[in-house]
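# Survey of secondary and tertiary structure
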Amino acid sequence: MSDQALNTVGKSELRRDGLSHVTGKTQYVDDIQFPDMLYLKMVRSPLHHARILGIDFSEAEKVPGFVRAFTYKDVPKNLYTILCLIGVGPDEEPVLAEKEVLYKGEQIAAVVAQSEEAAIEAAARVKVDLEELPAVFDVEEALKPGAPILKPWGTNYFVYEGHHCRRVRYGNIEQGFAQADYIVEGCYEPKPIEHAPLETTGCIAKPEANGRITVYTNTQALYFSMDNTALILNVPFNKLHFVGGTVGGGFGGKVDVIVEPIAALAAMHTGHPVKYLYTREEEFHVSSTRVAYRIYFKDGVSKDGHIVARQVTSYADSGAYNRHTPYAVTKHAANISGPYDIPNVHIDAHCVYTNRVPTSAMRGFGVTSASFATELQIDKIARKLGMDPFEIRLINAYRNGDMRPYQKVVGDATLVEVIQAAAGMAHHPLSERFQAMNSWDRANSPARPEPVSAEKRS
Amino acid sequence: MAKLKGTGISSVNYPTGMNLGGDPTQALIHMTTTGTFVISLASCDLGQGLKTVLAQIGAETLGVPFENVLIDTGDTDTGPHCMGTFASRTTHRAGNAIIMAAQEARKTMLEIAADELEARPEDMETDGQGFVRVKGSPDRKIHLVNLALAGHFKYGKTVAGRGIFFKPNLGIDPETGKMDPDSTEAHACVMAEVEVDTETGEVKVLKLQSVYEIGRQVNPKLVEGQIKGGSVMGLGHALYESTEPYYPSPEHRPGGFFEYILPLAPDVPEMEIRVLEYPSADGPYGVKGFGEMTANAPIPAIVNAINNALGTEISTHPVTPEIVLQALDAKQSKS
Amino acid sequence: MASKIVTFTLNGRETEVMVKPLTTLAKALREKLGFTATKCGCYEGNCGSCTVIVNGEPVLSCILPVEEVEGQNVLTLEGITPAEGLHPLQQAFHENFAIQCGFCSPGMLMVSKALLDKNPHPTQAEVAEAISGNLCRCTGYDPIIAAVLQVAAGSNGNQGGSHE
Ligand code: FES
Ligand code: FES
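This write-up is about the structure you can find in this document. Note that the coordinates shown come from a computational prediction; the quantities given were computed from them, not determined experimentally. (Residues numbered from 1 in each chain as written. Chains lettered and ligands numbered in written order. Predicted model: local features only at pLDDT ≥ 70, side-chain atom pairs only at ≥ 80, totals over all residues. Heavy atoms only, no water.)

## Things to note about the pairing of strand β6 (residues 131–134) of chain B
Residues and elements named next belong to chain B.
- Taking every second residue as pointing to the same face, the buried face of β6 carries Val132 and Val134, while none of Phe131 and Arg133 on the other face is buried.
- Here strand β5 (residues 124–126) runs beside β6; their pairing, made up of three bridges, is antiparallel. Considered in β6, the bridge of Glu125 is made with Arg133.
- Pairing between β6 and strand β7 (residues 137–143): four bridges, direction antiparallel. For Arg133, the partnering residue across the bridge sits in β7 and is Lys141.
- What sits between β6 and β7 in their antiparallel hairpin is a turn of two residues, with Gly136 showing a positive phi close to 85°. (Buried < 20%, exposed > 50% of the residue type's maximum accessible area, 1.4 Å probe, protein only. Helix = DSSP H or I, 4+ residues; strand = E, 2+ residues; numbered from the N terminus. Pairing = 2+ DSSP bridges.)

Right, dumping it as structure tokens:
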């Protein structure tokens, strides 16, 4: 379709929600109030790893305004894993801890009271008797013999169809290294990061006259959250009604389905709307973080700057539970070769459990770490060979018609054009050879299309 | 001790969508008596502007003004299924679903117009201004409101459509990792210029220059918003942010904004942005997903620039003053 | 402890609110009076999203006990929104896409208004400094600074706005 034919696509129409945002009329979860609302606060583990010997609510119950406490015994299907809806298993995270806690901050019991202050006070007065257990925090330590085993299936790693890691195998890695003139190794370690949306994660679950529960939530995925909640509460899906769609910043931090099930459970049992909104401290201390990785590279490189072989062993720190990390590791494994054409690739990407706050989805999901590592590594190679950072990238950039290591033909590549444009922007001269390159310059590339309009428009 | 400058680049790809369970998203469209089209969805706007771009895509396919399209989303009783807003998927997935639904609604809309104008449906066209008209004779036209009234009260027709995006899941080969996990790839090259104070270890990002290729832009200002916002988030990741600063030690975890450092307005560097557009084959109007990657690309560019400035081999982020000073010490003890 | 009545001027109107001691202005505005344009991203004085203007000064309403505004002049985002149309700053934020998720926007608008009321023609650095206590995770601040500068460029210092 030619650009002239387009009417609104390509135009900077003003935001649909702009007027309500600038007047403060946009309604977020914390702006919703019901007169008979109750407040939910969590009793959390003060230890990284411990056995639960007992819970005593007697002092909490004396707090004026206390309504009810909940433990795992109240949760119909207490064990779950978020991605179970699409076949990832087994269930391994408790809504409320049963016999053991695996991270500091883990949810042990919920307390519901008539005011926020009373809920905080009552939760603080719950006595949990814990026996501390040895904890493990390092991804490689966790895989060594003798490390405390955190999972009922007997390992500290997620099992990918019988394998201890997500594998990618392409070409012949040994032959690749044999052909190489240089071997360049590296180890890259991006740390965990908080999403820090300005609106904290939360919801209000409200019982309706017809027996249904309406959940006002800031989830990034309404059906995902609703379906998981229905499974956990063991209620028909149509007993739940999720309302949201307006989120005060997400960045992947609001897809974990932590607050909705327990708030809905409390609403069902008390007959009152129940609010469970993370404090800013909870957002930092107990909400999932970006995955931390340790990534080992061994690249075989030819004199002319081609990466001819890449072996990567990567350890993702999933924290205590799966959340979305097993899939992030798959995406990481697929992208750890970067946007480069490498003929021999051997990837082992591990999803490792530690006694740490679970990690999960965050903006860039599995690829942020891959881009970080590949881009530092290619600079390292350039330094070793004395090459220009633009040129080494142009030499290795994948072209249309190439094969990715996960055996998908490249069809939408424009990396060469992007790098050339960047060199132009930086007034970084490229020799004719590099100017002549394009993303369709392989023998098996499809025809080169025309770019559209960007220049025309600006 | 000195202030040293350095430059660094990164070139990255980012896949659109994931492929779990087919990664589906649906859309329903119907026309009301007022000639307004309501697009019903359950997709969430996180601030990126989803409600706006999806209205644009719907209006474009229907051939009606942007103002004539309402987005009704955020309610599981009325909106059909959406997998969720993540994986840079929603403009692509919901956009495709909307195009499919809009084509069906448009077909009926043109049939009603043809009946009213006594012409053939294949000779109808929309002018994007609120009229349907006969190709070649612009005077023979009918306004959307009249068309809607005729549909409702004269012909008894629903002007409506259903759409879904679905990508069959072929699974993953556990031995080789063979898979088809995404729909298309966006690309970026980011250049960073930094200044490092070798006495304090502090890094200042002076400039971020970004080139993105993201298929067709639906809304250029919203695109720019993602790139600027992602650039500054990436700057924060590169220099300041960690929930476990002494990872893998779990000690000293920040518990609030007073301990966890985010970029502030005075940290914002000079930013220059250029967007290239090579429409993707399967994106709505050629869209590629790119919201997430805008935070990815700046991180290695900034760290490469720091290594360029100092001659170090820093391989972690955030690059705090402590990391800078340690790297300088390591370099010195080596030489 | 007994509740007490606090009286102050809210957006030009005499207002009474009955609160327990140490109730914050943010809670009083949002939960007692229903003025929810003021958002709270942390409730602990570290993000700026709850900024309102008291006697011309930007203050963090989440850590200010409401008793402290007894007899004072409190202005919230509701108070600068005209009956028709928008305040110039609101208009500029909208047109410059200085809003994404919108959660920081009320605080950003109030702190920007307080700045322009005092310094109608700030430099870019002065705007950045003025909003440096307000966090925004979405926009990268740049469009916000541009919006404020646009208003400054187009004004003679009088920001209009009702209930000054
Ligand atoms: S809510 Fe007041 S500063 Fe964050
Ligand atoms: S627009 Fe989301 S925090 Fe500023």
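So, next bit.
## Here we look at unusual backbone geometry
- Cis geometry marks the peptide bond from Tyr247(B) to Pro248(B); its omega dihedral reads 5°.
- Residue placement: Pro248(B) occurs in the loop between α4 (220–239) and β11 (270–276).
- In this chain, His317(B) is followed by Pro318(B) through a cis amide linkage whose omega measures 5°.
- As for its placement among the helices and strands, Pro318(B) is situated in the loop between β12 (316–317) and α7 (321–334).
- Although it is not a glycine, Asn11(C) sits at a positive phi angle of roughly 50°.
- With respect to the element layout, Asn11(C) can be found in the loop between β1 (4–10) and β2 (13–19).
- Among the residues examined, Asn11(C) registers a relative accessible area of 8% and is labelled buried.

## Let's talk about the packing of aromatic side chains
- This model, assessed by the stated rule, comprises 13 aromatic pairs over all chains.
- Seen from their ring centres, Trp440(A) and Tyr278(B) are 5.4 Å apart, and the 40° between their planes marks the pair as tilted. Placement of the pair is Trp440(A) in the loop between α13 (432–436) and α14 (454–457) and Tyr278(B) in the loop between β11 and α5 (293–296), with the two residues belonging to separate chains.
- Judged by relative accessible area, Tyr278(B) falls into the buried class, the value being 9%.
- Ring-pair connections join several aromatic residues into one group, and the members of that group are Phe284(A), Phe257(B) and Tyr260(B).
- It is Arg16(A) that lies over the ring of Phe66(B); its NZ or CZ is 4.2 Å from the centre.
- The cationic tip of Lys27(C) hangs over the ring face of Tyr43(C); the distance from NZ or CZ to the ring centre is 4.8 Å. (Phe/Tyr/Trp six-rings, centres within 6.5 Å; stacked < 30°, edge-to-face > 60°. Lys NZ or Arg CZ within 6 Å of the ring centre and 35° of its normal.)

## Here we look at the packing of α4(B) against helix α6 (residues 298–310) of chain B
Residues and elements named next belong to chain B.
- For the pair α4 and α6, the least separation of the axes is 8 Å and the interaxial angle reads 50°. Classified by the interaxial angle, the pair formed by α4 and α6 is oblique. Between α4 and α6 lies a crossing of right-handed hand. Residues Gly230, Ser231, Gly234, Leu235, His237, Ala238 and Leu239 of α4 form the contact with α6, whose own contacting residues are Pro298, Ile299, Ile302 and Ile306.
- In terms of residue class, the contact of α4 with α6 is made up of seven nonpolar, four polar and no charged. (Axes fitted to C-alpha atoms, helices over the stretch in contact; angles between N-to-C directions. Parallel < 35°, antiparallel > 145°, perpendicular 65-115°, else oblique. Left-handed = near helix turned anticlockwise from the far one by under 90°. Contact = heavy atoms within 4.5 Å. Nonpolar A, V, L, I, M, F, W, Y, C, P; charged D, E, K, R; others polar.)

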